[in-house]
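Each chain, written out:
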Protein chains: 4
Amino acid sequence: MTKNKLVQATIKNFAAYGYQGATMSRIAKDVGIKPASIYYFFANKEALFQEAVHLILSHHFSMMKKTFEQYREGEVHQLFSELLRSIVAYHTGYMDETKAYITMVNSPIPNIKKDVGDYLQEYNQWLVEQLMLTIQEKYPGLEEQAVNRLIEYFIFIGNGLFWAVVIYEAETLQNNLEMAMELMDQCLYQIMGE
Amino acid sequence: MTKNKLVQATIKNFAAYGYQGATMSRIAKDVGIKPASIYYFFANKEALFQEAVHLILSHHFSMMKKTFEQYREGEVHQLFSELLRSIVAYHTGYMDETKAYITMVNSPIPNIKKDVGDYLQEYNQWLVEQLMLTIQEKYPGLEEQAVNRLIEYFIFIGNGLFWAVVIYEAETLQNNLEMAMELMDQCLYQIMGE
Amino acid sequence: MTKNKLVQATIKNFAAYGYQGATMSRIAKDVGIKPASIYYFFANKEALFQEAVHLILSHHFSMMKKTFEQYREGEVHQLFSELLRSIVAYHTGYMDETKAYITMVNSPIPNIKKDVGDYLQEYNQWLVEQLMLTIQEKYPGLEEQAVNRLIEYFIFIGNGLFWAVVIYEAETLQNNLEMAMELMDQCLYQIMGE
Amino acid sequence: MTKNKLVQATIKNFAAYGYQGATMSRIAKDVGIKPASIYYFFANKEALFQEAVHLILSHHFSMMKKTFEQYREGEVHQLFSELLRSIVAYHTGYMDETKAYITMVNSPIPNIKKDVGDYLQEYNQWLVEQLMLTIQEKYPGLEEQAVNRLIEYFIFIGNGLFWAVVIYEAETLQNNLEMAMELMDQCLYQIMGE
DNA sequence: GATGAATGAGCTTTCATTCAT
DNA sequence: TATGAATGAAAGCTCATTCAT
C-alpha cells in the first residue's frame, strides 16, 4: 500500500537526514510517486512524520514485549540476557528506526519531542512493572527495594548497550553485549546473593 | 570577538535545530549581525559548522584530559570515579555541545561525520593508552589483557552514563552516576582481585 | 439535485472568496461530495462559475421584472418607490449574489466579465424600454426627452442605493432607501410639473 | 525606490486579479525583480497588500481633503459640486485604486476588510464633521438636524456617483455627474429654502 | 568589518484536473 | 453518479550565498 510505503520511506529519510533535511520530494521519489501525491494520504509533513514516529515507537515496544513474553517463564538471569540481546538485535536490525529515534529525542518539532518523551516514560513504566512482577514471583522473599535496584542497573546497562549500537561496528558491539551480560550477572549475584 | 560569538551561536543552534534546521539568519541574529556578515569570517555554512564541530570536540578532549591529569597520581579507583563524574559534569554543563554531538554522530554532511568518527577513534586511543600506562604503573604485575578488559568496561559504563545525560533529569542522572561508579568498582574488584 | 446545490455552493464561495479564492474542494465539501465528482456535472471550474453567474443575473432580472409587473398598473410614483424598495430587498435578501456580482463586474475571467457587461446593457435596455412605455401611457403628452431624463435619474438613484446595500448596515440602509424615494419624488415633481 | 514600485505594482495587480489572483511572481515581474526579492522588503504577501491598501486609502483621503480645503471658503453649492466632481476625477484618474477598493470591501482577508471598514468609518466621520462646521458657519441660523439631512443626501448621491464610475464609460459618467450636481442643488434648495 | 539588495535553488503546499473503477 | 488515487503546474516562501558599497 502506498501509505505504508510512504511511512517506511519517511523513516529511512528521517534517519539519514533528520526532520528538516528529509524532503517531501525525496520521500516521494523513494516511493515512486510525485510529491503532491503525498498530500492525498497525509495532511502535511508533520503529520507524515508523526505517523512514522508512532510506527517506530510501537515497533520498538512490540519487539521488547515479544522478547519479554518469550523468556518470562525461564530464569531471571536468562531473561536479562535475552532482553539485552534483544536490544542489540532490534537496534542493529532496524538501524533506520534507531537513527531516527536519536534525532527524535531532541527534535525541534514539539509534537515529535512530546511523543517520544511520553513513550520513553510509558515504556520505562511498563518495563519496571513487568520486571518487578516477574522477579518477585521467582524470588518471593526479596525486598522490593532490592528488586528496584536490580531493575535500575538493568536499565543503565541497557542504555550503555543502546549507545554502543549507535557508535560501534559489529565486532566491538558483540564485545559490548558480552560485557553487558556479564555486568548484569554480577548485579544479580550481588543483589540476590549467591 | 565576533568570530567566537558566531561559533558559540552555531553550537547553540546546531543543538536546537540540527544542521539543516539551523539557519544562517538565526545564527546571525543571535550574534547581532546580518547574515551577509558571516561570510566575512567563514567561507560558507559548512565551514562555520565544521569550526563549531572542532570546538566541541576539542573542548570535550581538554575537559577529559584535565580530569585525567588531576587524578592520575591517585588511586585507580578514584581516577575512574572522577572520570565518570567528569562525563556527567561536562555533558550536563555543556548540554548544547552534547546535543550537537548527538546529531553530529549521524550527520549527513560527510565532512562532519568524518571529523566526529576520527575524533571518536583518536579519543578512544588516547584514553586507552593513558589508562593503560597509569594502571600498569600502579599494578605492575597485571597482565595487559586484564587491563584492557578493565578499560573496555570503563568505556562501556561511560557510554551508559552519556546516554543517561541525554534522556534523564538531574535526579535520575545522579542515581545513574552512582550506579556507574559502583559497577566500575565491581569491575576493579573482579579483575584486580581483592 | 446535486447540480443545483453545486451552483448554490459556488455562488456562496464566489461571494466569500472571489473566483480565484473559491476552490473546487471547498465547493464540493459544501455540497457533500468529492471534488472529482464536480466534473461529472461541469466541464471545468469556469463552466461551473459561468452557470453560477447566469443564475445570479437571471435571478436578478426575474426579481425586478416581477416587481415591475406588479406595480406597472398603479401610479408612476409608486412604481418607482417599489422598484427602489425592490433593489434593497433583493440585494439584502441575496447578499451572496450581490457580493458575487461585485467581484464579477471586474472579473479577470473574460467570459464572466463579458456576460456581466452584456447583462448590464440588456437589463438597462429593458428597464428603459418598459419605463418609457409605462410612463408615456400614463402621461401621454410628455416629451420623450423628459421621460428619458426621469429614467436616467431613477437609474442614478438606484445605483446609489445599490452601493449603500454593500457598505451599510440595516439602519443606515433604511434611511438611504427613504432618501432615494424622496429624491425620486422630487425628480418626478420637477419633471412632470406640479 | 524598489519598495514603492512594489506597492504600485501590487495595486495594479490587486485591481486586475483580486487578492488571490494577484501573484507574487507577477508583481515581481512588473517591478523587474525576482519573487524572492519581495521578501526583503515585506514579510509576506499579506503585509505587502496591507501596505497597498493603506496607500490607497490614505491617497483617497488626501485627495478629498485637498478638494475640501480648496473650496471650503466659497459657496456651499460650489463646495458640493466640486466634491462630487472630485469623486469622479479621483476614481477615474486612479481606476486601479478604485477597482482594488471594490474588492477590498469584501476581502476574505480579515486584516484588509478591517482596515477598509475602519477607514470608511473614519472618512465618513471626518466628512460629516467638516461639512457640518462649514455649513453652520455659512448658515448660522440653520438647525443641526437640517444640516445633517443635507449631508446624508450628499453622501447618498456621492455613492451613486462612485458606482457609476465603476460601471459606466466616460460619456454616461459625465451625464451622471451632472445629475448628481443637480440633485444636490435640489436638496440644498429644498432644505435651505430658496 | 559589515550590510543592503538581490537571487537561484529548492522547499512545502494547493489546486484544478484526470481517469480507472 | 461518484470517488480513490494521482499529477502538473504553480503558488508562497525560505535560505545560503553574492557583491557592490
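This text follows the structure it describes.
Presented here is an overview of the structure given in this document. Since the structure is predicted, the reported quantities are computational estimates derived from the model, not experimental observations. (Residues numbered from 1 in each chain as written. Chains lettered and ligands numbered in written order. Predicted model: local features only at pLDDT ≥ 70, side-chain atom pairs only at ≥ 80, totals over all residues. Heavy atoms only, no water.)

## Some remarks on the overall build of chain A
In step 1: Across its full length, chain A holds nine helices and zero strands.
In step 2: When the helices and strands of chain A are read in sequence order from the N terminus, they spell out α-α-α-α-α-α-α-α-α.
In step 3: Seen along its three principal axes, the alpha-carbon backbone of chain A occupies a region of about 65 × 30 × 30 Å.
In step 4: Out of the 194 residues in chain A, the part that is buried amounts to 49%. (Helix = DSSP H or I, 4+ residues; strand = E, 2+ residues; numbered from the N terminus. Buried < 20%, exposed > 50% of the residue type's maximum accessible area, 1.4 Å probe, protein only.)

## Looking at the nonpolar core
In step 1: With 147 residues, the main nonpolar core has Trp163(C) and Trp163(D) as its most contacted residues.
In step 2: Grouped together as the second largest cluster of nonpolar side chains are 146 residues, Ile11(A), Phe42(B), Val116(B) and Trp163(B) included. (Core = buried A, V, L, I, M, F, W, Y, C linked by side-chain atoms within 4.5 Å.)

## Side note on the environment of Thr134(C)
All names here are of chain C.
In step 1: Within the element layout of this structure, Thr134 appears in helix α7 (residues 110-138).
In step 2: With a relative accessible area of 2%, Thr134 lands in the buried category.
In step 3: When the C-alpha positions of Thr134 and Leu79 are compared, they lie 9.7 Å apart, and in sequence the two are 55 residues distant.
In step 4: Residues within four places of Thr134 in sequence aside, it is in contact with Phe68, Arg72 and Leu79. (Contact = heavy atoms within 4.5 Å.)

## Thoughts on the packing of helix α8 (residues 144-167) of chain A against helix α6 (residues 95-105) of chain B
In step 1: At a closest axis distance of 10 Å, the pairing of α8(A) and α6(B) adopts a crossing angle of 50°. As far as their axial angle goes, α6(B) and α8(A) are oblique. Between α8(A) and α6(B), the contacting residues are Trp163(A), Val166(A) and Ile167(A) on the first element and Tyr101(B), Ile102(B) and Val105(B) on the second.
In step 2: Split into classes, the residues belonging to the contact of α8(A) with α6(B) amount to six nonpolar, no polar and no charged. (Axes fitted to C-alpha atoms, helices over the stretch in contact; angles between N-to-C directions. Parallel < 35°, antiparallel > 145°, perpendicular 65-115°, else oblique. Nonpolar A, V, L, I, M, F, W, Y, C, P; charged D, E, K, R; others polar.)

## Topic: the interface of chain A and chain B
In step 1: Opposite the 35 residues of chain A that make contact, chain B presents 35 residues.
In step 2: Between chain A and chain B, roughly 3200 Å² of surface is buried when both sides are summed, and carbon and sulfur atoms account for 64% of that area.
In step 3: Viewed at the interface, chain B and chain A are joined by two salt bridges.
In step 4: Between Glu182(A) and Arg149(B) there is a salt bridge, with its nearest N and O atoms 3.1 Å apart. (Buried area = accessible area lost by both parts, 1.4 Å probe. Salt bridge = Lys/Arg side-chain N within 4 Å of Asp/Glu carboxyl O.)

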